Amino acid sequence: CMKYLSIFLLSLLSFNLSAQKAAEDKSVALKNWIPDELVGLKADNRSFSKEVNNDQGQYIMAVKQFTDGEKTISLVVFDYGNNAAKVEGPTKSWKEATIVEDDKQFFAHALHQNNKAFEQFNKVDNQAQLLIYIANRYLLTVNTNQGLETARNVVAQLKLNQLPK
């Protein structure tokens, strides 16, 4: 009986280690999907990826930061896998959002490489944020202090249809 319990526990431990290794591989693949250079800026050493398990579910995230003096770009990509409903609901309202533009700000829904997106731009301090919902699974956030066109150019350089599965 003890022999079978030991075999069972070793099998369980092996399965858990295999699952953990697979999650680590997926998080590294997600981080590696983000290029090391975008719009002339190189990624700095603050890049990371990890698997997150909490009461909201399980997901994988990857972050890369790009800097050159005062210029900054930050990319965060979430892979919600089977928990895509967590992000799908809020993104439905993007298309219904009213376009707002005045001399201080701009907010609008958009499409980037045929993916639903929401753009925000603070004209006063040149801060831009793009949120893009990709393949009913991923949420990409692009933040920059270099304006909306730079954020759009970053997205144009990304291969959204080649995110790791």
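Placed above this text is the structure.
We now turn to the structure provided with this report.

Calculation notes
Residues numbered from 1 in each chain as written. Predicted model: local features only at pLDDT ≥ 70, side-chain atom pairs only at ≥ 80, totals over all residues. Heavy atoms only, no water. Salt bridge = Lys/Arg side-chain N within 4 Å of Asp/Glu carboxyl O. Helix = DSSP H or I, 4+ residues; strand = E, 2+ residues; numbered from the N terminus. Buried < 20%, exposed > 50% of the residue type's maximum accessible area, 1.4 Å probe, protein only. Pairing = 2+ DSSP bridges. Core = buried A, V, L, I, M, F, W, Y, C linked by side-chain atoms within 4.5 Å. Contact = heavy atoms within 4.5 Å. Phe/Tyr/Trp six-rings, centres within 6.5 Å; stacked < 30°, edge-to-face > 60°. Arc of directions from axis to C-beta. Polar contact = N/O pair within 3.5 Å; in protein donor to acceptor, adjacent residues only side chain to side chain.

**Structural notes on the pattern of salt bridges**
No. 1: Taken as a whole and judged by the stated rule, the model has 7 salt bridges.
No. 2: In this structure, the salt-bridge partner of Glu-149 is Arg-152, at a minimum N-O distance of 2.7 Å. Of this pair, Glu-149 and Arg-152 both sit in helix α3 (residues 148-157), 3 residues apart, which is roughly one turn of that helix.
No. 3: A relative accessible area of 25% places Arg-152 in the partly exposed class.

**Quick look at the sheet that holds strand β9 (residues 127-134)**
No. 1: Strand order in the open sheet formed by 8 strands is β3-β4-β5-β10-β9-β8-β7-β6, and the pairing between neighbours is antiparallel. Strands at the two margins of the open sheet, each flanked by one partner only, are β3 (48-54) and β6 (100-101).
No. 2: By the bridge criterion, 2 bridges tie β6 to strand β7 (residues 105-112) in an arrangement that is antiparallel. Note that in β7 the partner of Val-100 across the bridge is Phe-107.

**Some remarks on unusual backbone geometry**
No. 1: Its identity as a non-glycine residue notwithstanding, Gln-113 has a phi of 50°, on the positive side.
No. 2: Locating Gln-113 in the fold gives a position in the loop between β7 and β8 (115-122).
No. 3: On the accessibility criterion, Gln-113 (37% relative accessible area) is partly exposed.
No. 4: You will see that Asn-136, though not glycine, has its phi angle at about 55°, which is positive.

**With respect to the pairing of β8**
No. 1: With 8 bridges connecting them, β7 and β8 associate as antiparallel partners. Residue Phe-106 lies in a different strand from β8, and its bridge partner there is Phe-121.
No. 2: Counted along the chain from β7 to the antiparallel partner β8, the turn is 2 residues long, and its residue Gln-113 has a positive phi close to 50°.
No. 3: Of the pairings in the sheet, the one linking β8 to β9 comprises 7 bridges and is antiparallel in character. Within β9, the residue paired with Phe-118 across the bridge is Leu-131.
No. 4: Counting the residues in the hairpin turn of β8 and β9 gives 4 residues, including Asn-126, whose phi is positive at 65°.

**With respect to the nonpolar core**
No. 1: Counting 30 residues, the largest nonpolar core has Leu-75, Val-77, Leu-140, Val-142, Leu-158 and Leu-160 as the members making the most contacts within it.
No. 2: Contact partners of Val-142, with chain neighbours within four places excluded, come to Ile-73, Ser-74, Leu-75, Ala-128, Gln-129, Leu-130, Ala-151, Val-154 and Val-155.
No. 3: Residues Met-61, Phe-118, Tyr-133 and Leu-139 belong to the second largest nonpolar core, which totals 14 residues.

**Section: the packing of aromatic side chains**
No. 1: By the definition in use, this model includes 3 aromatic pairs.
No. 2: Both rings, one in Tyr-59 and one in Phe-78, keep their centres 5.7 Å apart while their planes meet at 65°; by these two values the pair is edge-to-face. Separated by 19 residues along the polypeptide, Tyr-59 in strand β4 (residues 57-68) and Phe-78 in strand β5 (residues 71-79) bring together distant segments of the chain. Just as Tyr-59 is buried, Phe-78 falls in that class too.

**Quick word on α3**
No. 1: Leu-148, Thr-150, Ala-151, Val-154 and Val-155 are the residues of α3 that are buried. Mapping the buried residues of α3 onto a view down its axis gives an arc of 165°, with all of them on the same face.
No. 2: Tucked inside the fold, the buried residues of α3 contact β1 (37-38), β5, β7, β8, β9 and β10 (138-144).

**Focus: the side chain of Asp-79**
No. 1: Structurally, Asp-79 is set in strand β5.
No. 2: With relative accessibility at 7%, the residue Asp-79 sits in the buried group.
No. 3: Engagement of the side chain of Asp-79 in a polar contact is seen with the backbone nitrogen of Gly-81, the distance being 2.9 Å.
No. 4: Other than its neighbours up to four places away in sequence, Asp-79 contacts Leu-30, Tyr-59, Ile-60, Arg-137, Tyr-138 and Pro-164.

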